[in-house]
Amino acid sequence: MPDPSKISVMIVDDSPTARRILTDIVNRGQNMEVTAAVADPFEAVAQLKQQTPDVMILDVQMPRMDGITFLKKLMVQHPLPVIMCSSLTEEGSKTSFECLENGAVEIIAKPRAATKEVMHELELRIHDVIRSAAVARFRSRSGSLVSSRSEQKAPPPAFVPRAKLSPDEVIPPPRLDGYRNIPVTAQKVIAVGASTGGTDAIKVFLDSMPENCPGIVVVQHMPEGFTASFANRLNATCKVRVREARNGDLVEPGLVLIAPGSHHMTLRRAGSRYTVEVKNGPLVSRHRPSVDVLFRSVALSAGRNAVGVILTGMGDDGAICMKELRDSGAYNFAQDRDSCVVFGMPNEAIKHGGVHETLPLEKIGPRVLAKIQG
């Protein structure tokens, strides 16, 4: 019988090696355990008749039935929070985003042979994503938001995180007078941070942006290899131009730069304009890219010329440095609880005193534009 005090996880993957590696990783996580590991959706259906896990990790590409087909059936017949496990290929990332659009909560990269450090970071991400999924609300095929864990089941025990690095490891903290020399300019910058549920939230936000909006810099917690596909999908539907950031890119009106997975992104002033720096570095607030790193750099480089936006996501990445952003003169918005998949990051930013206004998702974009124009 599953331990009711732990987050129960079902793994669906046709690779015995992937199932073994994922099982070992999950079982090392605090307050979580694998209760079933099966080779395909047909075996998964049989298991679901016996017990419903809190979270499912689902392979994208399987021979008897692919992940997206199974996900669509699952969201109609037996909705539950699903994490997609995908190979780092163009086709794999494309299908993963189709899964997100059809109700999946998150994406993780399929484990493969790598250095000890890379495997450690992958393990941290998988544990964090499972915790996010276990408390997230997800969208069923009917379009309604569904709570992940049964109301009859007690919430999982409180997670006690290991020590995590601050943004000081990547970018020095501001001096007491660090914001005083930033002049007000016509060049404005919008900085956005998001995590679980952020792919949909960022799309809604960007859909409200006109072609000539101020330059936008975005951190979305996502594995390396998926951010380029994410940017391309947004670029195909939004009025603004969207692409994965490259080191030295200019922040221009009508352009959205998405931080590449596994890299931090910072804003730098270049005369009267701004550029981005894409860099390596340790995990900050358990993430790379980190919203805290981006927000601190925006506070130091743009100050009162910036607007900060924090959207749905688990944890507290962005909370500390959204307060710094506010202290620098920027005006900040947070997504409200009712429209969030996970009200973690916005809630922490509010608690830290970094937020001016908390709004439903669909109202944030128009209000940001009104604030800048005003």
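As the structure is a prediction and not an experimental result, all values here were calculated from the model.

### A word on helix H8 (residues 291-301)
Helical geometry note: an α-helix holds 3.6 residues per turn, so side chains three or four residues apart project in the same direction.
Next, step 1: Most of H8 is tucked away, with ten of its eleven residues classed as buried.
Next, step 2: Buried within H8 we find Val291, Asp292, Val293, Leu294, Phe295, Arg296, Ser297, Val298, Ala299 and Ser301.
Next, step 3: Its side-chain oxygen placed 3.1 Å from the backbone nitrogen of Asp292, Ser290 serves as the N-cap of H8.
Next, step 4: Trailing H8 by a residue or two, Gly303 shows a phi angle of about 55°, which is positive.

### Some points on the sheet that holds strand S5 (residues 106-109)
Next, step 1: Strand order in the open sheet formed by five strands is S2-S1-S3-S4-S5, and the pairing between neighbours is parallel. Each edge of the sheet is formed by a strand with only one pairing partner; in this case those strands are strand S2 (32-38) and S5. Pairs of neighbouring strands in the sheet enclose a mean axial angle of 25°, with direction left out of account.
Next, step 2: Of the strand pairs in this sheet, strand S1 (residues 7-12) and S2 are connected by six bridges, and their pairing is parallel. Looking at the pairing, Val9 lines up with Val34 of S2.
Next, step 3: Where helix H3 (residues 67-77) meets the sheet, its contacts fall on strand S3 (55-59) and strand S4 (82-86), and the angle it forms with S3 comes to roughly 150°.
Next, step 4: Here helix H5 (residues 116-135) sits on the sheet and contacts S1, S2, S3, S4 and S5; the angle it forms with S5, its principal contact strand, is near 160°.

### Details of the pairing of S3
Along a regular strand, successive side chains alternate from one face of the sheet to the other.
Next, step 1: Most of S3 sits inside the fold, with five of its five residues counted as buried.
Next, step 2: On S3, burial covers both faces: Val55, Ile57 and Asp59 on one face and Met56 and Leu58 on the other are all buried.
Next, step 3: Inspection of the sheet shows S1 paired to S3 by four bridges, in the parallel sense. Within the sheet, the bridge partner assigned to Met10 lies in S3 and is Met56.

### Here we look at the packing of helix H6 (residues 198-207) against helix H11 (residues 361-373)
Next, step 1: Two numbers describe how H6 lies on H11: the axes approach to 8 Å, and their chain directions differ by 40°. Between H6 and H11, the crossing angle belongs to the class labelled oblique. The chirality of how H6 crosses H11 is right-handed. Judged by residue contacts, Ala201, Val204 and Phe205 of H6 engage Leu361, Glu362, Ile364, Gly365 and Val368 from H11.
Next, step 2: Across the contact of H6 with H11, the residue classes tally to six nonpolar, one polar and one charged.

How each quantity is defined
- Residues numbered from 1 in each chain as written.
- Predicted model: local features only at pLDDT ≥ 70, side-chain atom pairs only at ≥ 80, totals over all residues.
- Heavy atoms only, no water.
- Buried < 20%, exposed > 50% of the residue type's maximum accessible area, 1.4 Å probe, protein only.
- Helix = DSSP H or I, 4+ residues; strand = E, 2+ residues; numbered from the N terminus.
- Polar contact = N/O pair within 3.5 Å; in protein donor to acceptor, adjacent residues only side chain to side chain.
- Pairing = 2+ DSSP bridges.
- Axes fitted to C-alpha atoms, helices over the stretch in contact; angles between N-to-C directions.
- Contact = heavy atoms within 4.5 Å.
- Parallel < 35°, antiparallel > 145°, perpendicular 65-115°, else oblique.
- Left-handed = near helix turned anticlockwise from the far one by under 90°.
- Nonpolar A, V, L, I, M, F, W, Y, C, P; charged D, E, K, R; others polar.

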